[in-house]
Amino acid sequence: MFAFRLDSRSGVPTYLQLVEQVRRGLLLGYLVDGEQLPTVREVAAALVVNPNTVAKAYRELERAGLAAPRAGQGTFVIGNDDQVPHAVHLKLAARLRAWVRSAHEAGLAPEQVRALVTTVLDDENTAQRAEAA
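Structure report, in brief. None of these values were measured; they are calculated from a predicted model.

Conventions adopted
- Residues numbered from 1 in each chain as written.
- Predicted model: local features only at pLDDT ≥ 70, side-chain atom pairs only at ≥ 80, totals over all residues.
- Heavy atoms only, no water.
- Salt bridge = Lys/Arg side-chain N within 4 Å of Asp/Glu carboxyl O.
- Helix = DSSP H or I, 4+ residues; strand = E, 2+ residues; numbered from the N terminus.
- Buried < 20%, exposed > 50% of the residue type's maximum accessible area, 1.4 Å probe, protein only.
- Pairing = 2+ DSSP bridges.
- Axes fitted to C-alpha atoms, helices over the stretch in contact; angles between N-to-C directions.
- Parallel < 35°, antiparallel > 145°, perpendicular 65-115°, else oblique.
- Left-handed = near helix turned anticlockwise from the far one by under 90°.
- Contact = heavy atoms within 4.5 Å.
- Nonpolar A, V, L, I, M, F, W, Y, C, P; charged D, E, K, R; others polar.

Here we take up the pattern of salt bridges. Oppositely charged side chains can pair when the atoms bearing their charge come close. In the structure shown here, the tally under the stated rule is 3 salt bridges. Residue Glu 20 pairs with Arg 23 through a salt bridge whose shortest N-O separation is 3.5 Å. Remark: Arg 23 and Glu 20 occur in helix α1 (residues 14-27); sequence separation between them is 3 residues, near one turn of the helix. With relative accessibility at 31%, the residue Arg 23 sits in the partly exposed group.

On to unusual backbone geometry. Trans peptide bonds make up the majority, and among non-glycine residues the majority have a negative phi. Although it is not a glycine, Val 48 adopts a positive phi angle of roughly 55°. Within the element layout of this structure, Val 48 appears in the loop between α2 (40-47) and α3 (51-63).

What follows is about the pairing of strand β2 (residues 74-77). The pairing of strand β1 (residues 67-70) with β2 spans 4 bridges and is antiparallel. Across the sheet, Ala 67 pairs through a bridge with Val 77, a residue of β2. Between β1 and the antiparallel strand that follows it, β2, lie 3 residues; Gly 72 among them carries a positive phi value of about 75°.

The next thing to look at is the packing of helix α4 (residues 86-105) against helix α5 (residues 110-132). Two packed helices can be described by the angle between their axes and the distance between those axes. Between α4 and α5, whose axes approach to 10 Å, the crossing angle comes to 125°. Judged on the interaxial angle alone, α5 and α4 are oblique. Handedness of the crossing formed by α4 with α5: right-handed. Across from Trp 99, Ala 103 and His 104 in α4, the residues of α5 making contact are Pro 110, Val 113, Leu 116 and Val 117. Grouping the constituent residues of the contact of α4 with α5 by class yields 6 nonpolar, 1 polar and no charged.

Here it is, written out as structure tokens:
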């Protein structure tokens, strides 16, 4: 069963962290169409958060079309056609892990690594939009 994790230092609200983890789980194939998410109570107990916070995340997942409740059964993931192919995921994840290790060896803190990755992604998106125009 899918397990959520929280980063209390991220500054991102708990419910949004849960939503983003489901979104990533779908994109990377960790979650598949029809898979049941843990119950609100299970997630709240495991993460030691208010059940209302988990319920808010699940409502947001419903609103985004990523999950749907089934009366008396729980909340289930709705499939995503944007999934990264498994072979591509394995190859790129291995290269990214090596890059992250080298960034840490160079003395970068996790926040600095995130900032660098975000900046490069933003720059790349800006360049692609410019090329398309």
